[in-house]
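If you want the building blocks of each chain, they are given just below.
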Amino acid sequence: MAKVPRNFRLLEELEKGEKGIGDGSISYGLEDGDDIMMLKWNGTIIGPGHSVHENRIYNLKIECGHDYPDAPPEVSFLSRVNLPFVNAANGKVERHKLPVLANWERKSTLETVLVDIRKEMAAPSNRKLPQPPEGSTY
Amino acid sequence: MGNTSSSSRDRHDDSVDLGALTPQGIYTGPQDWNQSVVAQLIIDRKLAPFYRPLEDYEEDWDDDRILAARKGEPQPASDGNTTPPHHSSPRSASKSSARPATTRDRINEAQLYYKAVECPICFLYYPRNINRSRCCDQEICTECFVQIKRADPTPTNLVSEPASCPYCVEPNFGIFYTPPSWRVGIGSDQAASHHGPRPDLNRLGSSGTSTDVQGPSGSQKARRKSMSHTNFAVVTVDQIRPDWEDKLNAMKAVAARRANRRIIMRQVGDRLIPVGITSGRIAQPVDGGGGSGEGTPPEGGRRSRRHRDNNGAASEFTNMYGIGMPGQDLEELMLMEAMRLSLLEHEAQQRRQQQEQQGSASNSNNAESNNSRPPSGSSSLPSSFISSSSSPPAPTLVATSANGPPTGTSPGNTAQPRSLTPTLPGGLRDTLPPLPHENGNTSLSTPTTSSIPLHSASSTTESLDHSPSLPRIVLPEGNGAETST
Amino acid sequence: MALPKETQRLVADPAPGISAAPHDDNLRYFDVSITGPDGSPFQGGVFRLELYLPEEYPMSPPKVRFLTKIYHPNIDKLGRICLDILKDKWSPALQIRTVLLSIQALLSAPNPDDPLATDVAKHYKENEAAAKAVSREWTEKYAQ
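Fair warning: this is a prediction, and the values are worked out from it, not measured in the lab. (Residues numbered from 1 in each chain as written. Chains lettered and ligands numbered in written order. Predicted model: local features only at pLDDT ≥ 70, side-chain atom pairs only at ≥ 80, totals over all residues. Heavy atoms only, no water.)

Considering the overall build of chain C
A count of helical and extended segments in chain C gives four helices and four strands. Reading chain C from its N end, one meets helices and strands in the order α-β-β-β-β-α-α-α. Taken across its 144 residues, chain C has 52% of its residues classed as buried. Restricting to contacts in chain C with at least 6 residues of sequence separation, those with at least 24 account for 53%. Surface accessibility of chain C: about 6,400 Å² in total, with carbon and sulfur atoms responsible for 50%. (Helix = DSSP H or I, 4+ residues; strand = E, 2+ residues; numbered from the N terminus. Buried < 20%, exposed > 50% of the residue type's maximum accessible area, 1.4 Å probe, protein only. Contact = heavy atoms within 4.5 Å. Areas by Shrake-Rupley, 256 points an atom, 1.4 Å probe, with all protein chains shown as cover.)

Dropping the structure here:
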């Protein structure tokens, strides 16, 4: 099976993100359109309905290192959030606590990461967690 | 020279003229052509068989050298770009052959490759008589030919252009094949009597085509004139992918659905929150998995689950609507769909809450009958919508006209089944089904007496109501809360 | 697929001003360099590109982009190239070599009417001399 190199893989993901994903409940793009190595990305998650996150918009920062997608990206919340897999001090998503990162596969993408985070937010154990004020950031 | 069939006429194997009916593994992608069509074309000798190519070729090579240069047999899960020729000697070549090989066979097979030609696409060498483009008379091996196809249509590009010739870009790419004058393998019995299943090229009379291209001393072909893609002897890319038109139509349907898709907004206070997307597929219920668009055909299991989840009325409603009211205004249908999807949005939550609050909604399983009652009055709604029967589950559809502000947005109001007052001008007077625990003997009140005035300005708002048993949809007309995507 | 063969030919018989070498660990992935054509604002520059042959190659075009920053109306900030043969005009009879020659030709003949970098294209259309000066500047700055 042909192995798509990092840069072309990220270009594919970028193009998909530019077109818009699904119903818009998650989105992502390059932090800096000039970043030819496509290291730093922004992500957005619209809080899932029927949870404390409903109607909130969460901003995230994603870093795709040089060994992406063989290695998972580094993901941090910029918006404050209370979730068991997010470091309360700095918003960093703790890799071993989020299945999609802990069990990273090459076929996983920025989209799958964001979708999984959003799913976790809606999980029964998380959807009622008390949250910091809307709009606060790390 | 050239007639070698005597050595192998008795064999009954899966080859034609020493080539295979199936690809030899040059390409690793999906085999999305119609293989039975391809195999038949090969047997009919309208398409060259899948010959094992030579990795390289020089004119002065002897037979052993030629056989050694043959590319390896297809390997499962080969990555396709690093497969070395694993026949380092003529002996191993015979070992891996599908046929019981003899020295004579090997020599025959080697002769096949005398004056081999390079396929300009895969850069591999093939017997001289492989396919040639119908338009510009360039070689193309069967392996490459079956890869060429129309570009798949996409929702943004709803045309399917005929594939062009890779060499001269002439549309309607097709090939012409001149089989060898001898014949072995499948069909060789008929060939022995010189009456193959298709007219022999000797008698086809195509201009300037030499029929014995096999012999090492065979005369050079004169350049053939271009042949029409409708010529009987030409094989086009559409012939081996007869489903291209179905694909195009399927994609058109997808695009039409997307064009009809709307984002459903929910009004919360004075904010509009997107809650889902209508599928645009009108006549069929959408996958109950969460209101995200693409539809799936109705399915008994899913429906019964919906019923348990108190959304049966909604799905039945859409279903009936599509089937029973084919002439309805599209926008109305859209709105119906929007309403239904909003209901579905509640489904997952309801399920969860029902699990948490076991038993509170356990008696809602008998919703199957909720569409059994004929519509009363002059309603243009499908009967299921005016679900009047025993126990339609909880979803409550509330429609008001532009003059009627959305009502009932407070969870506190939900304890009673209600119906909207029929005094709203032109409004949809609909009813609330009974709460599940009321066990369904509530007669449903108000048959609608006018068609639903739901047009493009209609909006779908849903009350902010997380009650597991009674989600409501409010449909004020003219609030503009539905936006087109 | 005949990749090794095409690669061998490419390496053995490179086109003038073009070199391409496959990665050791991925034979479908090439480091490419193209020298700016004489007479173009890119003259004197050596531009690095990367090229990848997808699974479907040669039925699908190779994927190519510039890694060196370049001021060109048909090449965007991320080095993506607007060239018809890399998209709908691809033919399986084309080769890596043809593609790279076409990209080299694109450097000589920018086409601001079919832009990918719209701001650069606008610049080229409104004031070609000034735009070319920027292209030269960038060539000196990034492509030496």
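There is more to say after this.
Quick notes on the confidence of the model for chain C
Here chain C averages 92 in pLDDT, and 98% of its residues register 70 or above. Overall fold confidence for the complex sits at a pTM of 0.63, while the interface term, ipTM, reaches 0.92. (pLDDT = per-residue confidence, 0-100.)

Here we look at the interface of chain B and chain C
Taken together, the contact between chain B and chain C spans 21 residues of the former and 17 residues of the latter. Of the roughly 1,500 Å² buried where chain B meets chain C, counting both sides, 57% is carbon and sulfur surface. At the boundary of chain B and chain C, one finds one salt bridge. Measuring nitrogen to oxygen at the nearest pair gives 2.5 Å for the salt bridge that ties Arg9 of chain C to Glu118 of chain B. Counting across the interface, chain B meets chain C through three residue pairs in polar contact (both at pLDDT 80 or more). Partitioning the side of chain B that touches chain C into residue classes produces 11 nonpolar, six polar and four charged. (Buried area = accessible area lost by both parts, 1.4 Å probe. Salt bridge = Lys/Arg side-chain N within 4 Å of Asp/Glu carboxyl O. Polar contact = N/O pair within 3.5 Å; in protein donor to acceptor, adjacent residues only side chain to side chain. Nonpolar A, V, L, I, M, F, W, Y, C, P; charged D, E, K, R; others polar.)

Observations concerning a negative patch on the surface
Residue and element names in this part refer to chain B. Taken together, Asp56, Glu58, Glu59, Asp60, Asp62 and Asp64 make up a surface patch of like negative charges. Summarising the element assignment, Glu59 is placed in the loop between helix H1 (35-43) and helix H2 (63-68). Given a relative accessible area of 62%, Glu59 falls into the exposed group. (Patch = residues over 30% accessible without salt bridge, like charges linked within 9 Å, V, L, I, M, F, W, Y side chains within 5 Å. Lys, Arg positive; Asp, Glu negative; His and termini not counted. Charge placed at Lys NZ, Arg CZ, Asp CG, Glu CD.)

Description of the side chain of Thr142 of chain B
Residues and elements named next belong to chain B. Its place among the elements puts Thr142 in helix H5 (residues 142-145). A residue is classified by how much of its surface remains accessible, and Thr142, at 2% relative accessible area, is buried. Not counting residues up to four positions away in its chain, the partners in contact with Thr142 are Leu47, Ala48, Pro49, Phe50 and Asn131.

Considering helix H2 (residues 96-108) of chain C
All names here are of chain C. Helix length check: H2 (13 residues) gives 19 Å between terminal C-alpha atoms against 18 Å at 1.5 Å per residue, within 8%. Within H2, burial applies to Ile96, Val99, Leu100, Ile103, Gln104, Leu106 and Leu107. Projected down its long axis, H2 shows its buried positions confined to an angular sector of 155°, all on one face. (Expected span 1.5 Å × (residues − 1). Arc of directions from axis to C-beta.)

Side note on the interface of chain A and chain C
Many structure descriptions define interface size as the accessible area lost when the parts assemble. If you look at the interface, chain A gives 18 residues, while chain C gives 17 residues. Between chain A and chain C lies a buried interface of about 1,500 Å² when both sides are counted; carbon and sulfur atoms form 61% of it. Taken as a group, Ala2, Phe8 and Ile36 of chain A account for 40% of the area that chain A buries against chain C, more than any other trio of residues on that side. The interface formed by chain A and chain C includes three salt bridges. The shortest N-O distance in the salt bridge between Glu18 of chain A and Arg80 of chain C comes to 3.8 Å. At the boundary of chain A and chain C, one finds four residue pairs in polar contact (both at pLDDT 80 or more). The element best represented in the side of chain A that touches chain C is helix H1 (residues 6-19) of chain A, accounting for seven residues. Across the side of chain A that touches chain C, the residue classes break down as 10 nonpolar, two polar and six charged.

Notes on the pairing of strand S2 (residues 26-35) of chain C
All names here are of chain C. As defined by bridge partners, strand S1 (residues 18-23) adjoins S2 across six bridges and the pair is classed as antiparallel. Of the residues in S2, the one forming a bridge with Pro22 is Phe30. In this structure, the hairpin formed by S1 and S2 is closed by a connection of two residues. With seven bridges joining them, S2 and strand S3 (residues 46-52) adopt antiparallel strand pairing. The residue bridging Tyr29 from the neighbouring strand is Tyr52, located in S3. (Pairing = 2+ DSSP bridges.)

As for the sheet that holds strand S7 (residues 234-236) of chain B
Residues and elements named next belong to chain B. Spatial strand order, S5-S6-S7: three strands in an open sheet with antiparallel pairing. The strands lining the two open edges of the sheet, one partner per strand, are strand S5 (132-133) and S7. As judged from the three bridges shared by strand S6 (residues 174-176) and S7, these two strands associate in the antiparallel manner. Paired with Phe176 across the two strands is Val234, which belongs to S7.

Concerning the packing of aromatic side chains
Each aromatic ring pair is summarised here by two numbers: the centre-to-centre distance and the angle between the ring planes. Summed over the entire model, instances satisfying the criterion amount to 13 aromatic pairs over all chains. Ring geometry for Tyr57 of chain B and Trp61 of chain B: centres 6.1 Å apart, planes at 70°, overall edge-to-face. Note on accessibility: Tyr57 of chain B and Trp61 of chain B belong to one class, buried. Arranged with centres 6.0 Å apart and planes meeting at 40°, the rings of Tyr57 of chain C and Trp90 of chain C form a pair that is tilted. (Phe/Tyr/Trp six-rings, centres within 6.5 Å; stacked < 30°, edge-to-face > 60°.)

Remarks on the sheet that holds strand S4 (residues 74-77) of chain A
All names here are of chain A. In spatial order, the strands read S1-S2-S3-S4; together these four strands make up an open sheet with antiparallel pairing. In this open sheet, the two edge strands, each paired with only one partner strand, are strand S1 (26-30) and S4. When strand polarity is set aside, the average angle formed by the axes of neighbouring strands in this sheet is 25°. Bridge count for strand S2 (residues 40-46) against strand S3 (residues 57-63) is seven bridges, and the pairing is antiparallel. Its bridge partner lying in S3, Trp41 is registered against Ile62. Strands in contact with H1 are S1 and S2; relative to S1, the strand with the most contacts, it is inclined by about 125°. The strands that helix H3 (residues 110-122) touches are S1, S2, S3 and S4; relative to S1, the one it contacts most, it runs at about 145°. (Axes fitted to C-alpha atoms, helices over the stretch in contact; angles between N-to-C directions.)

Considering the UniProt feature "active site" (unreviewed entry) in chain C
Residue and element names in this part refer to chain C. As recorded in UniProt, the sites labelled "active site" (unreviewed entry) are Cys82. Within the secondary structure layout, Cys82 lies in the loop between strand S4 (63-66) and H2. Non-local contacts of Cys82, meaning those with residues more than four positions away in its chain, are made with Asn74, Lys87, Leu106, Asp114 and Leu116. (UniProt positions renumbered as here; feature names shortened; annotations may be inferred.)

Some points on the pattern of salt bridges
A complete count under the given rule lists 26 salt bridges over all chains for this structure. The salt bridge partner of Lys107 of chain A is Glu105 of chain A, with a shortest N-O separation of 3.1 Å. With its nearest N and O atoms 3.0 Å apart, the salt bridge here joins Asp113 of chain C to Lys125 of chain C. Here Asp113 of chain C, found in the loop between H2 and helix H3 (118-126), pairs with Lys125 of chain C, found in helix H3; they are 12 residues apart in sequence, far enough to count as distant. Classification of Asp113 of chain C by relative accessible area gives exposed; the value is 59%. Among the residues examined, Lys125 of chain C registers a relative accessible area of 55% and is labelled exposed. Counted as one network, the salt bridges with shared partners bring together Glu15 and Glu18 of chain A together with Asp76 and Arg80 of chain C.

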